[in-house]
Amino acid sequence: MRNIKIGLLLWLCLSFLAGCQAVKETTAETSEESIVIGFSQSGTESSWRKRHTESIRTELEKEGYEVLYRNGYMNQERQIQDIRSFIVYQVDAIVFTPIQENNWEPILEEAAQAGIPVFVVDRHVNVSDPSLFLTHIGPSFKAEGNRAGLYVSNYYKEHQNETINVLELTGLDATSPTYLRSEGFRETIKRDYAHNNVTIQVKDELNGDFIRRKGKEVIEQYIAEGKMEQIDVLFSHNDEMTLGALEALEKTDIEPGKDLVIVSIDAQKEMIDKLKQGIVNCVVECNPDAGVFVKNAISRYLARGADAIPREIYVHETVFSSDMDFDQIPPRNY
């Protein structure tokens, strides 16, 4: 009987150890299968940016990826340190939205040396070696400027022998949305007004850094200098600055949407509401829902390698204007 008890005890111990080993192996296997994505966002300066962040995080997590998220708070050095922390952690891929174009090369070289692919989202980066990032995923900023310019050209197509003055409210310096939106807009009005006997010109340019408060401040100063009365069109590079400009215009006799044609870029809910009220004439969409494009690019890379990923992946976008059926505008979630 004593031998039977000893045998039974030995069997139980062996079974327990085997179970522990099985759990360990299963845990190790699960850990190996877990894909970790480091995501560095530039900030939370607008409803658009918050929606952009939510879209990317949601789609990556739906795919089962673990997301290490960091907010750069509009500080490039902070973003660089966040990306370096991803490299130390040895994530499987890095997704980041650059605040500005320049000075990313050293940290991207560190990622390349670690063998970590980098997916640049939204704004572009300027590097001498394009292989330092796998792909750029985001809007065509120049096409957004083209669409804004086309609306203005069409708005004045029945006018003859007139000069239309545009005030351009630009975004943050050294960023691709700023110079590409401006380039696209100016390219289009220059091409189109030649056919209409109308001169559409950018009379002045103010910088608002993509921020509502600064947009309001620079327009208030422009009004105080007595220059706003000369302007026919306000072309603003984003909704936040446009909303600031509208606040400044409330103190004048200028009626937005009638005395002053207003074209904005982003299509946040608040701006679409202004469009429906006739306060704004045209809103060019900059689509923040990049998450599905980011998720698909990463999944394709993991399944088929770098050769399966194009260098540019554009998100689809449209234009909303005062002469359309507002019921056709999809709900804005930002």
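Note: the structure precedes this text.
The structure presented is a predicted model; accordingly, all values stated were derived computationally and were not measured. (Residues numbered from 1 in each chain as written. Predicted model: local features only at pLDDT ≥ 70, side-chain atom pairs only at ≥ 80, totals over all residues. Heavy atoms only, no water.)

1. With respect to the sheet that holds strand β3 (residues 93-96)
Read from one edge to the other, the open sheet built from 6 strands follows the order β2-β1-β3-β4-β5-β11, with strand pairing classed as parallel. The sheet terminates laterally at β2 (66-71) and β11 (312-314), the two strands that pair on one side only. Each strand axis lies, on average, 20° off the axis of its neighbour in the sheet, ignoring direction. Where β3 lies against strand β4 (residues 118-121), 3 bridges are found, and the strand directions are parallel. Paired with Phe 96 across the bridge in β4 is Val 120. The sheet strands contacting helix α3 (residues 76-89) are β1 (36-41), β2 and β3, and the helix crosses β1 at an angle near 175°. Across the sheet, helix α10 (residues 291-304) is in contact with β1, β3, β4, β5 (135-138) and β11; its angle to β4 comes to roughly 160°. (Pairing = 2+ DSSP bridges. Helix = DSSP H or I, 4+ residues; strand = E, 2+ residues; numbered from the N terminus. Axes fitted to C-alpha atoms, helices over the stretch in contact; angles between N-to-C directions. Contact = heavy atoms within 4.5 Å.)

2. Comments concerning unusual backbone geometry
Phi is positive for Tyr 73, which is not a glycine, with a value near 50°. Along the polypeptide, Tyr 73 turns up in the loop between β2 and α3.

3. Some remarks on the side chain of Thr 175
Within the secondary structure, Thr 175 sits in the loop between β6 (162-170) and α6 (176-193). Exposure remark for Thr 175: the relative accessible area of 1% places this residue in the buried category. There is a polar contact of 3.0 Å between the side chain of Thr 175 and the side chain of Thr 178. The contacts of Thr 175, once residues within four sequence positions are left out, are Ile 99, Gln 100, Glu 101, Arg 123 and Phe 210. (Buried < 20%, exposed > 50% of the residue type's maximum accessible area, 1.4 Å probe, protein only. Polar contact = N/O pair within 3.5 Å; in protein donor to acceptor, adjacent residues only side chain to side chain.)

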